[in-house]
Protein chains: 2
Amino acid sequence: MIRLKVKEMDISTGGPLVVYLNVKDAEKLDLHHSERINVFNGKRFETAIVDIAESARVVPSGSIGLCREVKESIKAKKGALVGIRLAGKPVSIDYIKKKLDGFRLSKKEIEQVVWDIVHNKLTPVELTYFVAACYSRHMTMRETAYLTKAMTAHGDILKINRHPIMDKHCVGGVAGNRTTPIIVPIVAAAGLIMPKTSSRSITSPAGTADTMEVLTNVSIPLKKMAKIIMKTNACMIWGGSLNLAPADDLIIKVEKPLMIDAKSQLLASVMAKKASVSATHILVDIPFGKGSKVPSIENAKILKRDFECIAKELKMNVKVIMTDGRQPIGNGIGPALEARDVLYVLRNDKRAPKDLRRKGIMLAGTLLEMGGKAKPGKGAKLAEEILESGAAYKKMVEIITAQGLKHKNPDKIPLGKETYHYKSPKSGRVCRISNECMSKVARIAGAPADNGAGIYLYHHVGDKVKKGEKLFTIYSHNKTELGFAVDSLKNIDGFVVR
Amino acid sequence: MIRLKVKEMDISTGGPLVVYLNVKDAEKLDLHHSERINVFNGKRFETAIVDIAESARVVPSGSIGLCREVKESIKAKKGALVGIRLAGKPVSIDYIKKKLDGFRLSKKEIEQVVWDIVHNKLTPVELTYFVAACYSRHMTMRETAYLTKAMTAHGDILKINRHPIMDKHCVGGVAGNRTTPIIVPIVAAAGLIMPKTSSRSITSPAGTADTMEVLTNVSIPLKKMAKIIMKTNACMIWGGSLNLAPADDLIIKVEKPLMIDAKSQLLASVMAKKASVSATHILVDIPFGKGSKVPSIENAKILKRDFECIAKELKMNVKVIMTDGRQPIGNGIGPALEARDVLYVLRNDKRAPKDLRRKGIMLAGTLLEMGGKAKPGKGAKLAEEILESGAAYKKMVEIITAQGLKHKNPDKIPLGKETYHYKSPKSGRVCRISNECMSKVARIAGAPADNGAGIYLYHHVGDKVKKGEKLFTIYSHNKTELGFAVDSLKNIDGFVVR
């Protein structure tokens, strides 16, 4: 076995297990970029991927650079001698090739691939082949179910000894539309368990986690999450602070560059996150229509059936509803503005956006029926009663206090100090408000990184407006960014009055 | 525009244009791993891919680490302030997605993808999607021709004002089989031009470039290559020392991890390298049969037709022959042992392996017919005459002298000092010699990195042997490696006597 001296690289790859060899050593050992070696430190060893350092200043000949992940795994100290030996490829490489060749994968094969993903045994190139294979060759529902189960199993699982456990998911694409923080307190106030995890925004002006972070702490470890649920029946936290189905995040990372959305992976991703919190009853909201992610009712129906099929394979109780996704829902777009809307709804404030309130009640009502708290057709009424009685707001305060209260008074939430009022160029009727354009402007104004940035809508489609009347206000903390956002209005027709 | 201070990273990526931002700056700027930014230094700018440094020791907040490639491109000095701005994705990302969705690509689209590959505008993940798409969705012959032309165009081209220009290619998989250094001098001695480039070994014990490097210098720039050809009619150099169809090497790099061999890319790769040296007449050798790369005559016929189709699309004169690939050809396996065989053949030494001599004459004869130096059916006879007259050897010495002579006397080529003789366990007839096993043993013995390592065969399939008679000798410079090679014989039945 060849021995090399450990050089500390001070590089954290954030996952992949990489070692760096000097180009001369690599040639002598017949090792190439992306090949694997075993690195031994006494009895400890790790399989790592080889990267080549051209310059002796980076890694001199006779040394081996270890990324922090490898260094910690084998507990190697700077200057120590470690042994190296050529290692084979992970067996899942064969399965990825098999899928790329168009064959179905077995349960065991999919489990192995997911294990290798989670344990950082694959290079980004190898993982990309897996994603490309699943996308171009498609996966059957059976394969998708195996993928879901494997993604769930190779991660943490929240165990709650209660039944049923409620959850919801929205496929997204509608600006505003912050229904989760309305639904969860209603459902929890009715006595149902709802351990909700949400994501941060990737391409939108706010994810539910971004909005909730205005009101409370959303980075909460699994143990504390369980305690909060035992105390309040629910929680609303950022899924990224937990280790639920971690394979999913690694897959999404390589999907991003091509904006790939393999249906099998979308389904597996959603269902694995739900299975990881032991959810038994799941409501899926598919907003559809021009200007949303799902452009037509036909697309929505196909997606609905897919969710129903995967639910059947996984023996989970899933109800899918299709909703109108053609314009933003609620008035605020951006974390703070959405959080304010949510509190207005929960406090029965007259400034509450009616469309958001209505949709929240409808979704919460469906969950109450699914969870056996209301008879079929009676859920919405019960949800409205819980909301109007103040019980939902009380529950919200309980939950956000348990997580770490920041704001419960909507009028004290700070918004961007710089504002621009967009006024109607003519009298008429609002005929279109584009989700995409409004989201883009809100992002340019600074959302979600600047949580007080965004857009506040005074009108929705169908409203009559007069010339010069305010249609919406852009908020930003920063004059320059506000300027960019205002500039961007010139090239888009996101808010049309006719 | 945001300004950051240049930190020299002393990292050469070997291509990809990467910059490193501190994790805090990246968050503030809403920039993620693998996103692209424009980096401005005065009027110069470059588009680079963002990597995130977790530690301030690697890149402190307010600084930007530049890999050497970016630093040189914008001529930025350490400590200087450079501006950054979010950049869009290369347009070829859309075309890669299109191919992955199963659509055909146009000439322009393929050209753009190849341009972006050659100019390092794609991340390894994005390039992998392209390779996966071409593999799983297939390319038409028309698309393959566009790919070939684009790969040729975006690289250096050897221009020789002569016609015809001969070339050959072997699909490989047969141990020994070093016909190129026999064919080239015969063809060149007959007055034909043959600017031969070859590869080094990747998974075999020797590539033609490795074998030629025992006799002469093979790393030669394009200008000198042209001079050598003008002087001697030919050359035999390492393709890797030139910039011919560089996209091909970048594609092969991401194919390796999955051992993908998309037919379209195999064809484009071969033909682009030939087009880059302005070849007009190309002979393709497809060894087939059990134990070779092409397992059956059916597979060989399909591959033959593919080469003929792409040749037609490209308007190149290609002749494909299928040869017996079931056992090694020649006696030596490994750079020095093969080089010795080649010189034995060229010098009409009685130790010359008959099978190698025969195959060399046959292939050279075909090229003489294709190039108009012999009438149909008379090429082999002419080739044999040129060989026997000593003209081929004389031409070989001319060529290797022009490139930088190392050895012309086969008996002075140093071989590994450590040897092991494998003797026949019984009397009988040789019924099988496995290409794969012999190659593996030769590699374990040290070939090609140790160029004197390898195997020398005393017999071929069909020979009668006596118990205790030497079947082959393993050579190595190193006792330990020889030991490993001998050990490896236990588990394989690479040489079978019955």
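For the structure, check the block above.
Definitions and cut-offs
Residues numbered from 1 in each chain as written. Chains lettered and ligands numbered in written order. Predicted model: local features only at pLDDT ≥ 70, side-chain atom pairs only at ≥ 80, totals over all residues. Heavy atoms only, no water. Contact = heavy atoms within 4.5 Å. Buried area = accessible area lost by both parts, 1.4 Å probe. Salt bridge = Lys/Arg side-chain N within 4 Å of Asp/Glu carboxyl O. Polar contact = N/O pair within 3.5 Å; in protein donor to acceptor, adjacent residues only side chain to side chain. Helix = DSSP H or I, 4+ residues; strand = E, 2+ residues; numbered from the N terminus. Nonpolar A, V, L, I, M, F, W, Y, C, P; charged D, E, K, R; others polar. Buried < 20%, exposed > 50% of the residue type's maximum accessible area, 1.4 Å probe, protein only. Arc of directions from axis to C-beta. Least-squares fit on C-alpha atoms with pLDDT ≥ 70 in both. Pairing = 2+ DSSP bridges.

J.: Summarise the interface of chain A and chain B; cite the residues concerned and give the values.
T.: One frequently used descriptor of interface size is the decrease in accessible area upon assembly of the parts. With 38 residues of chain A in contact, the opposing surface of chain B contributes 38 residues. The junction of chain A with chain B conceals about 3,400 Å² of combined surface from both sides, 58% of it contributed by carbon and sulfur atoms. At the boundary of chain A with chain B, the tally comes to zero salt bridges. Counting the contacts that link chain A with chain B gives eleven residue pairs in polar contact (both at pLDDT 80 or more). Every element with two or more residues in the side of chain A that touches chain B is listed here: helix H3 (92-100), helix H5 (124-137) and helix H10 (246-255) of chain A. Looking at side-chain class alone, the side of chain A that touches chain B contains 15 nonpolar, seven polar and 16 charged residues.

J.: So, helix H18 (residues 479-489) of chain B: which residues are in play, and what are the values?
T.: Residue and element names in this part refer to chain B. Looking at H18, one finds that the buried residues are Leu 482, Ala 485, Ser 488 and Leu 489. Within H18, the buried residues cover an arc of 120° as seen down the axis, which keeps them to one side. What points out from H18, more than 90 degrees from its buried face, is the exposed set Lys 479 and Thr 480. Among the residues of H18, the N-terminal cap falls to Asn 478, whose side-chain oxygen and the backbone nitrogen of Thr 480 are separated by 2.8 Å.

J.: Quick one: what's the story with the relation of the copies chain A and chain B, residue by residue and with numbers?
T.: If you rotate chain A by 179° and push it 0.1 Å along the axis, it lands on chain B with an RMSD of 0.1 Å. What the superposition gives is, in effect, a two-fold axis relating one chain to the other. Relative to the rotation axis, the closest C-alpha in chain A is found at Val125(A), a distance of 2.8 Å. Comparing interface residues between copies, 97% of those in chain A also lie at the interface in chain B; the contact surface is shared.

J.: Tell me what's going on with the sheet that holds strand E18 (residues 495-497) of chain A, and back it up with residues and numbers.
T.: Residues and elements named next belong to chain A. In spatial order, the strands read E16-E14-E18; together these three strands make up an open sheet with antiparallel pairing. In this open sheet, the two strands that pair with only one neighbour each are strand E16 (464-465) and E18. Sheet topology note: the strand E14 (residues 428-433)/E16 ladder contains two bridges and is antiparallel. Bridge assignment links Gly 428 to a residue of E16, and that residue is Val 465.

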